[in-house]
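# Structural overview
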Amino acid sequence: GDSVTQMEGPVTLSEEAFLTINCTYTATGYPSLFWYVQYPGEGLQLLLKATKADDKGSNKGFEATYRKETTSFHLEKGSVQVSDSAVYFCALSDRGSNTGKLIFGQGTTLQVKP
Amino acid sequence: AAGVIQSPRHLIKEKRETATLKCYPIPRHDTVYWYQQGPGQDPQFLISFYEKMQSDKGSIPDRFSAQQFSDYHSELNMSSLELGDSALYFCASSLAGGLTDTQYFGPGTRLTVL
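Note that the structure is a prediction, hence the values are computed from the model and not measured. (Residues numbered from 1 in each chain as written. Chains lettered and ligands numbered in written order. Predicted model: local features only at pLDDT ≥ 70, side-chain atom pairs only at ≥ 80, totals over all residues. Heavy atoms only, no water.)

## Re the overall build of chain A
Per the secondary structure count, chain A includes zero helices and twelve strands. Taken over the C-alpha trace, chain A has a radius of gyration of 14 Å; the compact-globule value for 114 residues is 13 Å, and the two agree within 12%. For the C-alpha atoms alone, the extent of chain A along its principal axes is close to 45 × 30 × 20 Å. Of the contacts made within chain A by residues no fewer than 6 positions apart, 57% connect residues no fewer than 24 positions apart. Total accessible area on chain A is roughly 5,200 Å²; 46% of this is exposed by carbon and sulfur atoms. Separation between the mean location of the 10 positive side-chain charges and that of the 12 negative ones in chain A comes to 5 Å. (Helix = DSSP H or I, 4+ residues; strand = E, 2+ residues; numbered from the N terminus. Rg over C-alpha atoms; globule rule 2.2 N^0.38 Å. Contact = heavy atoms within 4.5 Å. Areas by Shrake-Rupley, 256 points an atom, 1.4 Å probe, with all protein chains shown as cover. Lys, Arg positive; Asp, Glu negative; His and termini not counted. Charge placed at Lys NZ, Arg CZ, Asp CG, Glu CD.)

Here is the structure:
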C-alpha cells in the first residue's frame with residue numbers, strides 16, 4: 001500500500017540555519033502531497049501542499065517540490081527561527097481510496113536553539 | 001475564519017467505560033475524517049463520512065462507531081474503553097472529499113483511559 005517515510009529526528013539547529021527534512025513516498029498513481037506542522041499541545045496545521053509533479057508548495061518561508069522521478073517531497077527553509085520548533089509531518093492523499101484519506105510519515109521533531 | 005471544532009478537548013475515562021467525541025466541520029464542508037494519534041506516533045486514519053454516509057474505513061476497532069448528522073457534525077462513539085485507546089483524536093474536514101481537497105484539522109480531543 002501507499003506509504004510515507006521521513007528522516008528521523010530530532011533535528012536540532014541553531015537559529016538562522018538552513019533546514020531540510022527529507023520525505024519520500026511510495027504510491028500507485030500520483031498522489032497529492034502535504035506538509036503539516038504540529039506545535040506542542042496543538043493540532044495539525046497545513047503548512048503547504050503540491051498536487052502534481054514539479055509543483056512547488058510554499059508558505060511562511062518553507063518550500064517543498066513534488067519530485068516524481070525521485071518520489072520525494074523534501075521540506076526546506078532558508079533560515080529557521082526558534083518559533084519553528086515543532087513536529088513536521090509529511091503526508092499523501094491515498095488515491096487507492098476514493099476519499100483522499102491521508103497517510104502520514106512518522107513525523108520529524110525540529111528543535112531550533114537561539 | 002471558522003475552523004474545525006472538537007469537543008471535549010480533554011476527556012478522562014476508566015477502563016470499560018464509553019466516550020463520545022464530537023466534531024463540527026468548517027461551514028459548508030461536507031466531508032469529515034477521524035484520525036487517532038498515539039503518543040509519539042503519526043496520525044492513523046479511522047473513518048470518514050461524505051454527505052452523511054460512511055465513505056471509507058481504516059483501522060477502527062469494532063468497539064468504535066461513528067456517524068455524520070444532517071448538520072454535518074460527526075460523533076465518534078467509543079465503548080469498552082481500553083488503556084490502549086488513550087490517544088489524541090483528530091477530526092478533519094474538507095469540501096467534497098477528494099484527492100486534491102485539503103483537509104483542515106481540529107485541535108483534537110485528548111482521551112486518557114485509566
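Still to come is the rest of the account.
## Focus on the interface of chain B and chain A
Each side of the interface is counted separately: chain B has 22 residues, and chain A has 24 residues. Both faces combined, the contact of chain B with chain A buries some 1,800 Å², and carbon together with sulfur accounts for 55% of it. Taken together, chain B and chain A are joined by one salt bridge. Among the ionic pairs, A:Lys101 bridges to B:Asp56, the shortest N-O distance being 4.0 Å. The interface formed by chain B and chain A contains four residue pairs in polar contact (both at pLDDT 80 or more). When contributions to the side of chain B that touches chain A are tallied by element, the ones reaching two or more residues are strand E4 (31–37), strand E5 (44–50), strand E6 (53–57) and strand E9 (87–94) of chain B. Residue contributions to the side of chain B that touches chain A peak at three residues, all from E4(B). (Buried area = accessible area lost by both parts, 1.4 Å probe. Salt bridge = Lys/Arg side-chain N within 4 Å of Asp/Glu carboxyl O. Polar contact = N/O pair within 3.5 Å; in protein donor to acceptor, adjacent residues only side chain to side chain.)

## Here's the deal with the layout of surface pockets
Within this model, the largest pocket holds a volume of roughly 370 Å³. Forming the boundary of the largest pocket are 21 residues, of which A:Gln38, B:Gln37, B:Gly38, B:Gly40 and B:Gln41 lie nearest the centre. Those elements giving two or more residues to the lining of the largest pocket turn out to be strand E10 (86–93) of chain A together with E9 and strand E11 (109–113) of chain B. Here the lining of the largest pocket takes three residues from E10(A), the largest share from any one element. Within the lining of the largest pocket, the residues separate by chemical class into nine nonpolar, ten polar and two charged. Approximately 210 Å³ is the volume found for the second largest pocket. (1 Å grid on protein atoms, 1.4 Å probe; cavity = no way out; pocket = protein on both sides within 12 Å on 5 of 7 lines; lining within 4 Å. Points joined across faces, edges and corners; volume = space filled by probe spheres on them. Nonpolar A, V, L, I, M, F, W, Y, C, P; charged D, E, K, R; others polar.)

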